[in-house]
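Structure at a glance
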Amino acid sequence: MSEPHPSVAAALARIRRAEGEAGALRAFTVARTEAVLRLRELPRPGAWHFTLPLVRAANAVAPGARGCAREREDGELRTLTLTFSTAGFDFAPVDLRGLVLAAAEGDSDMSEESCPKGPAASWRRLVGAGVNEALAGAPVAVEVRTAAGAVRYVRKDSHAAGQDPYAELPAAGRCLPQAFEVELQWPRPGFGRRLTSWLARQAGAEAALTELWLAALPGAEPSEKASSWIKLGRPLPGMKVSLGTAEAPVGTWGWAPEQGGPWLVREGVRLVSLAPALTRLGLTPAEFAGWIECPRVRLTADEASVALDAGCELLAAWLLDARAHSFPDPSAAGFAVQWPTELRHVPTVSGRPAPIEQVAQRCRQGRDLVYAWPHQAQSVAPAIQARVYALWPSELALLQKAIPEARPVPARALGESPQFERSDLSNLFKSALPPEQVPMGAEASASTSAGARVQVTLEAFVHRFASAEEGAIALLFHERRVAHVRESGRTIAGVTLVAKLVGETPEALTIDGLRAEKGLLNAIAESCRAAALRVIDRLLAPALAHESPWELPLVRAQAGALTGAALAVRYRPRREPGGEEAAELAWDESPLLALTVGHDMAGQPVTLQHALVRCREVGGIVVEDPKQRWTTFRSPDPRHEPWALSREGRALCQRVLGDAVLWDMPTTPEGHLLPAPAEEQRRLVLGPGAIAQAQASARPPWERAELRAHLLVAEALGLAVAEVVDAPLWVRYDPRTLEPVRMVSRSDARTECLGLLPPGSGSRALSGPALLVTSGEARLLHAAGHPLAAAATGATTMTTRPSRAPLRRAGGAAPPLAVLPVADALCLGALRVEAGPAKIAVWGGGLHINDVELPPPLDWIGGRLTLTREGTRAGSERLAAQVKGLAREVVRTALRERLLHAPGSPQRTGLDAFRERCAAPGSSVSEFMREKPCLDGHALADMCAQSLKQHPLRRLARGRGGSKTCCGRR
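Here's a quick rundown of the structure.

The rules behind these values
- Along each chain, residues carry numbers from 1 onward, in the same order as the chain's sequence is written.
- Reporting of local features is limited, given that this is a predicted model, to residues whose pLDDT is at least 70; pairs of side-chain atoms are given and counted only at 80 or more, and all residues count toward the totals for whole chains, interfaces and linings.
- Side-chain numbers here rest on the full set of heavy atoms in the structure, without hydrogens or water.
- Any two strands between which DSSP finds at least two bridges are classified as paired.
- By the criteria applied, helices consist of DSSP H or I runs no shorter than four residues and strands consist of E runs no shorter than two, each listed in order from the N terminus.
- Here an angle of 0 to 180 degrees is reported between the N-to-C directions of two axes, which are lines fitted to C-alpha atoms, with helices fitted over the stretch in contact.
- Note on contacts: a residue pair qualifies if any of its non-hydrogen atoms lie within 4.5 Å across the two residues.
- Only residues above 30% relative accessible area that lack a salt bridge enter a patch, with like-charged residues linked at up to 9 Å and the nonpolar side chains Val, Leu, Ile, Met, Phe, Trp and Tyr linked at up to 5 Å.
- Note on areas: Shrake-Rupley, 1.4 Å probe, and residue coverage restricted to the protein chains presented here.
- Any Lys or Arg side-chain nitrogen found within 4 Å of a carboxyl oxygen on Asp or Glu counts as a salt bridge.
- Counted charges follow a simple rule, with Lys and Arg positive, Asp and Glu negative, and His plus the chain ends left uncounted.
- In this description, the location of a charge corresponds to atom NZ of lysine, CZ of arginine, CG of aspartate or CD of glutamate.
- Only protein chains enter the area calculation, which uses a 1.4 Å probe; residues under 20% of their type maximum are buried, those over 50% are exposed, and those in between are partly exposed.
- Any angle between 65 and 115 degrees counts as roughly perpendicular, while under 35 counts as roughly parallel, over 145 as roughly antiparallel, and the rest as oblique.
- Aromatic contacts are taken between Phe, Tyr and Trp rings whose centres are within 6.5 Å, Trp giving its six-membered ring; a plane angle under 30 degrees counts as stacked, one over 60 as edge-to-face, and the others as tilted.
- Placement of a positive charge over a ring is assigned whenever Lys NZ or Arg CZ falls within 6 Å of the ring centre and within 35 degrees of the normal to the ring plane.

**Side note on the sheet that holds strand β38 (residues 770-772)**
With respect to topology, four strands assemble into an open sheet ordered β36-β35-β38-β37, the strand pairing being mixed. On the outer flanks of this sheet lie β36 (741-744) and β37 (755-757), each paired with one strand and no other. Across the sheet, the mean angle separating the axes of adjacent strands is 40° when strand polarity is ignored. As paired elements, β37 and β38 share three bridges and run parallel to each other. The residue bridging G755 from the neighbouring strand is A770, located in β38. Against the sheet, helix α21 (residues 775-783) engages β35 (730-733), β37 and β38, with an angle of about 165° to β37.

**Some details on the sheet that holds strand β21 (residues 408-410)**
Spatially, the three strands line up as an open sheet ordered β20-β19-β21, and their pairing is parallel. Edge strands, defined here as strands with exactly one partner in the open sheet, are β20 (389-390) and β21. Along the sheet face, helix α10 (residues 393-402) touches β19 (369-372), β20 and β21 and points at about 165° away from the line of β19.

**Some details on a positive patch on the surface**
Taken together, R352, R362, R367 and R387 make up a surface patch of like positive charges. With respect to the secondary-structure elements, R367 resides in the loop between α9 (356-364) and β19. Its relative accessible area of 30% is what places R367 among the partly exposed residues.

**Description of the pairing of β19**
Of the two faces of β19, both are covered, the one formed by L369 and Y371 as well as the one formed by V370 and A372. Sheet analysis places β19 next to β21, joined by three bridges and oriented parallel. The residue of β21 that forms the bridge with Y371 is P410. Pairing analysis gives two bridges linking β19 to β20, with the strands arranged parallel. By the bridge assignment for β20, A372 is matched with A390.

**Side note on helix α3 (residues 51-61)**
Counting buried positions over the eleven residues of α3 gives ten, a clear majority of the element. For α3, the set of buried residues is T51, L52, P53, L54, V55, R56, A57, A58, N59 and V61. Next to the buried residues of α3 lie β3 (77-85), α4 (119-135), β7 (179-187), α6 (205-216), β11 (263-266) and β12 (269-273).

**Some points on the packing of α3 against α4**
Remark: α3 packs on α4, axes separated minimally by 8 Å, with the N-to-C direction vectors making an angle of 170°. As far as their axial angle goes, α4 and α3 are roughly antiparallel. Facing α3, whose interface residues are P53, L54, R56, A57, A60 and V61, α4 presents P119, S122, W123, L126, V127, G130 and E133.

**Some remarks on the pairing of β7**
β7 sits mainly inside the fold: eight of its nine residues count as buried. Bridge count between β3 and β7: nine bridges; the pairing is antiparallel. Paired with F84 across the bridge in β7 is F180. Direction of pairing for strand β4 (residues 141-146) relative to β7: antiparallel, over a ladder of six bridges. In the strand pairing of β7, E143 is matched with E183.

**Let's talk about the packing of aromatic side chains**
Considering all chains together, one arrives at 16 aromatic pairs under this definition. Ring plane angle 40° and centroid distance 6.0 Å describe the contact between F84 and W213, whose orientation is recorded as tilted. Here the residue F84 occupies a position in strand β3, and W213 occupies one in helix α6, the gap between them amounting to 129 residues. A relative accessible area of 0% means that W213 is categorised as buried. Within the aromatic cluster, the residues linked to one another by ring pairs are F84, F89, F91, W123, F180 and W213. Its guanidinium or amino end placed over the ring of W263, R270 lies 4.5 Å from that ring's centre, counting from NZ or CZ. When the ring centre of F420 is taken as origin, the NZ or CZ atom of R387, which lies over that ring, is 4.1 Å away.

Next up, the structure:
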């Protein structure tokens, strides 16, 4: 690959390819044009040098390519037509648009991953380089023709600074099939210039091209002329020696002493002499006369020499290896190369041979195989020469086949103070969950300041112990630590990221060189953290499957940062059976919804998902301390069964849902505003005495929920609310102000027409002010004309989160009857109970694997499951058993959530139908249908219906102020 000139490299660094169709359309950028112009300014060895890339392009697509050149005069123009025959290659799929811009991609390199591959891509790159170099000679026009199309470059009348003075235009010309032509036009020289050329005996273009092409083609016949046809693709002369292994080829050396050199050959064209580079590396060029074809060797931008990098050093090592394993032979070459086939002893740099059994034993014990090339053995420090093996590349490859456990490490890669032992990660493996591979994407490749490429692979270790709260990022090279990041702002709490850096070749990088690249190491650390955050759900899956997920620092940290805004908790419109529109609580799916926040009175665990469902259905959660029971205050409605929340669970519910939805005992749920019509909540209308008592209370305004309930219900019923309509009882959140939270009155909120948002969803990411209200308040306020701000805000929030959960639109598919979040060692996702037959979509590695349809009565269970790394390795029987167990858990969840829905609601009706299917004779889940005493379905439905119609507070004792109330906290 050509090594870019500094100005070209600076221009290429600013290239940003556009997304779209492959080919030339993605390459039109200002930075690429600037790079092409900088390449055009580089000096070239001759006026006809631009034809050599065209010869290489012909050889790249056809092994038997031929070429000819014809010069003629057309009036005031001198025209040169270069015709190349490429038998066997069809140019129909080759796109000629942006041909010159392809010159910025440089020559192909076997380690290059960013440039396109294939003969067509090589042809575009080489022809683009030739045309771009030809434009440096200021021709009138240059035209490239194939049988499928043509493109013409014409000088513009005027152009701005930094723009290409030539314009690319489509042309109508064509050439014969399986061939291409390049036609150049210059102004015809005057009489004086032609006379000077004749007196100086200067050859014409055809003769000059004949001399240039024959000199660049090893083994060409002197009798050939460019005016006829010159055979471009021809066998290279000399004895060929293959360098490298079948798994990692390096190149081919052709021993041909009559050629001199050795010369670097690409696509059958001699480019540059390797003698200066081999001399600087300590080799004698005469011993390797001939030609060398090595894609790993990079050319400088002016193609005058090669870069002395790891690829060139590897080529030198293989050349010396071939000489070391050569033997006299009576053939024309005089010698033959016989690569080693067996190793019994491995020599060390100190000269002591080590038995291969001893070397194998050390490798199986976890020791690295530290080696040095024999011609570089003198650079190894004397103190470690006895522990470093002197191996040629062929011997190293043979040793790796004999000892698969061997991990070769170049001695010079360990630096001036070599560390022979690798970093011990055993404690990390013991104190963490199984490591998770993290894809780096486009950031998996980086480059040092010298241009050496670095590949990055990343593993994430989730800490298991509660005390390991700090995160870390370790950068390893050859399993040795290069950098260690511990700053809390640059790591992920509870996770250790181990990034392994690998060079193009084992000898390409050194530890000392990497440690000096401070900016590169910081960029890699930031990329590792960003990549881990993109797959945080995958890291949470095994953590949530742990027996005590709250003990894991990652879970605690992620739950501590979870808010309603992060989950996009919002209100969405829902069409009631009567046709009116009501506000309903909605949220996005997340693995953290499966976190346990407490338990019910029966000891069954309740999750954050259950808490959201209860707030959506009944407006809040009755919280009771297990050490102090308030049985007389409990509601007969089972939907208001008290829960006992853990300390972490309560804090999580407060951040996601707000403190207003947690109704601490002693209280009665019927004394709070529920998501129901105002006609069913007349009990919340207060008398004058109760209103005065509440206004005189010392509680802050946001805790006066009884006044807000009285105001909304009375307003909906058409009663007078003059006493409280101007009282600041409502929380207004404005992300644009320094203090976002401010209390406003009902009249102010009505005038401003504020949108409605759940209490835990206020954030600086909102587009405008909103009113933070509970589910019961949102229903009545939306009926009074307030819009739902959560629709636009929720969509905005979701774009900033890595969740891929789709947003349910109003009027779209009906919501599921019940949802079970799934996060275990095998899969991640959610299962749903639908109101009809459904399927479970199984995904893995970003691909849709299969759709699973359960047998009746479980055929109403659908959803999506994404297999983890362990799940993809699990067998079909294990996965089938896992899905069967999850389906039974879905049935349990559906039966529990059935009690949370109002009788006659669509969800309750659907769950009743699902329950009847499951309870049918012969059902595989009929054992779950055994209900507890006094909880018969019909009796429970009647109790729920009566509790919504009657006033449950009439039989309670009078409050402190003499009025019947239970809304205040004791």
